[in-house]
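# Residue-level structure breakdown
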Amino acid sequence: MTSTATTKQTFVVWAPDYADDGALARRLAVRPAHAEGIHKGVADGFIKYAGPTHAPDSPADGEKKLNGSLLVVEAESAAAVRAALEKDPYWDGNVWDKERLEIKGITVTVNSH
């Protein structure tokens, strides 16, 4: 019997924010809709880990200088990952810098969970 199930791969997404003066305001304006989509992606098994990235000089216990998003996802292909990202409010809201966004396949060799 031949299986028709597609094998999922793990991908890391680095989605840097645009660096202009209005970037943070755009991020905050669409953040609730973005968070809703993230929670759906987790429930669907697409998103394994996700969170905002911040400048390394951000204080450990203070306000972070947000500069992008990092996601670890499972999907059939990089194209499927990109298609999902293009539906995110951060994409349409011009939060993520579309020219600098990177999708990398990863072979997980260590997992502490």
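To keep things clear, this report deals only with the structure shown in the data block. Quantities reported herein were computed from a predicted structural model and do not represent experimental measurements. Note that residues are indexed from 1 along each chain, following the sequence as it is written. With pLDDT at 70 or above as the cut-off, local features in this predicted model cover only qualifying residues; side-chain atom pairs require 80 or more to be listed or tallied, and sums for whole chains, interfaces and linings still use all residues. Computation of side-chain values covers all heavy atoms of the structure but excludes hydrogens and water.

Time to look at the overall build of the chain. Secondary structure elements are defined from DSSP: runs of H or I of at least 4 residues count as helices, runs of E of at least 2 residues count as strands, and each element is numbered from the N terminus. Helices and strands together make up the secondary structure of the chain, namely 3 helices and 4 strands. For the chain, the N- to C-terminal ordering of α and β elements is β-α-β-β-α-α-β. Summarising its shape, the C-alpha atoms of the chain cover approximately 55 × 30 × 25 Å along the three principal directions. Out of the 113 residues belonging to the chain, those deemed buried represent 28%. Note on contacts: a residue pair qualifies if any of its non-hydrogen atoms lie within 4.5 Å across the two residues. In the chain, 70% of the contacts between residues at least 6 apart in sequence involve partners at least 24 apart. The protein chains shown are the only cover counted for residues, whose accessible areas, like all others here, come from Shrake-Rupley with a 1.4 Å probe. Surface summary for the chain: the accessible area is close to 7,400 Å², and the carbon and sulfur share equals 55%. With a 1.4 Å probe rolled over the protein chains alone, any residue whose accessible area is under 20% of its type maximum counts as buried; one over 50% counts as exposed, and the rest are partly exposed.

Moving on: the pairing of strand β1 (residues 9-16). Two strands are counted as paired when DSSP detects at least two bridges linking them. Direction of pairing for β1 relative to strand β3 (residues 66-75): antiparallel, over a ladder of 8 bridges. By the bridge assignment for β3, threonine 10 is matched with glutamate 74. Where β1 lies against strand β4 (residues 102-106), 5 bridges are found, and the strand directions are antiparallel. Bridge pairing in β4 links valine 12 to lysine 104.

Right, let's talk about the environment of valine 73 for a bit. Along the polypeptide, valine 73 turns up in strand β3. Placed 27 residues apart in sequence, valine 73 and phenylalanine 46 show a C-alpha to C-alpha distance of 5.4 Å. Setting aside its immediate chain neighbours within four residues, valine 73 contacts Gln9, Thr10, Phe11, Val13, Phe46, Ile47, Lys48 and Val81.

Its identity is not glycine, yet asparagine 94 carries a phi of approximately 55 degrees, on the positive side. By relative accessible area, which is 37% here, asparagine 94 ends up partly exposed.

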